[in-house]
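Each chain, letter by letter, is given below.
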Amino acid sequence: MNHQIQYYVYASKINLTQIFDHNLFTDIREQAQSNNQHHHITGFLLFKDGKFLQYIEGQKAVCEQLFNTIKQDRRHKEIVVLDQGQLEKRYYQQWLMNCYNMDEKTQTLELLNLPDMVYDFDIYHWSQAHVHEVMSLMAKNHLLGMTPQTGSFFSVVYRRFMRQNKKYLIIQLLILVMFLISLLFLKSNY
């Protein structure tokens, strides 16, 4: 009997009718974790700016059935398969569905050490190499036991602030340097 694991990685957008449902992400996470435990599906879900990136893995027939159900789900649209295939063993044995809402300020995703392209979240333009990089990084974090609940709130906020305000901070630094140079120039003239 063939026990290969089927996987899908897909991108989708939130359906406009769901945009004001503040519990949407929580509802999807709870439903996915409950269903996935019953059907032995593992993987992860990233959500940002109204877009989803989901990786699912499981026995071929079950995984295909789940993906067909996902394609019929009215909560999201524009589903695009970014990658699919078969594996000898699971990447995410213990993750029924680790979900990361990257829009939430208290999220501890920064501890996962993901590249900037993940935070830019231009998932519809990711190459297969980008998809595999994210899969590999998430698998590494899975092996380290990293989950959304890990880490210090202050370290997460600090790193997020630095990432989102990098240009502003560079401009402020340049202004400070120019100010110091002008002070030195004025001091040398006296």
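Residues numbered from 1 in each chain as written. Predicted model: local features only at pLDDT ≥ 70, side-chain atom pairs only at ≥ 80, totals over all residues. Heavy atoms only, no water.

Asker: Is there a simple way to think about helix α2 (residues 60-72) in this case?
Answerer: Given 3.6 residues per helical turn, the α-helix brings residues three or four places apart onto the same face. End to end, α2 covers 19 Å across 13 residues, agreeing with the expected 18 Å (1.5 Å per residue, within 8%). Every buried residue of α2 is listed here: C63, F67 and I70. The buried residues of α2 occupy an angular sector of 55° when the element is viewed end-on, so they sit on one face. α2 presents A61, Q65 and Q72 as exposed residues on the side facing more than 90 degrees away from its buried surface. On its buried face, α2 sits against β1 (5-14), β3 (51-59) and β4 (76-87). (Helix = DSSP H or I, 4+ residues; strand = E, 2+ residues; numbered from the N terminus. Expected span 1.5 Å × (residues − 1). Buried < 20%, exposed > 50% of the residue type's maximum accessible area, 1.4 Å probe, protein only. Arc of directions from axis to C-beta. Contact = heavy atoms within 4.5 Å.)

Asker: Just checking my understanding: could you explain the UniProt feature "transmembrane region" (unreviewed entry) in the protein chain for this structure?
Answerer: If you check UniProt for "transmembrane region" (unreviewed entry), the listed places come out as residues 168-186 in our numbering. For residues 168-186, the helix share is 100%, the strand share is 0%, and the end-to-end C-alpha distance is 27 Å. (UniProt positions renumbered as here; feature names shortened; annotations may be inferred.)

Asker: Help me understand the pairing of β3, please; the structure alone is not making it clear to me.
Answerer: Moving residue by residue along a regular strand, the side chains alternate between the two faces of the sheet. With respect to burial, β3 is a largely interior element, eight of its nine residues being buried. Note that strand β2 (residues 42-48) and β3 share seven bridges and pair antiparallel. Bridge pairing links F44 to Y55 in β3. The turn linking β2 back onto β3 is made up of two residues, and D49 within it adopts a positive phi angle of 50°. (Pairing = 2+ DSSP bridges.)

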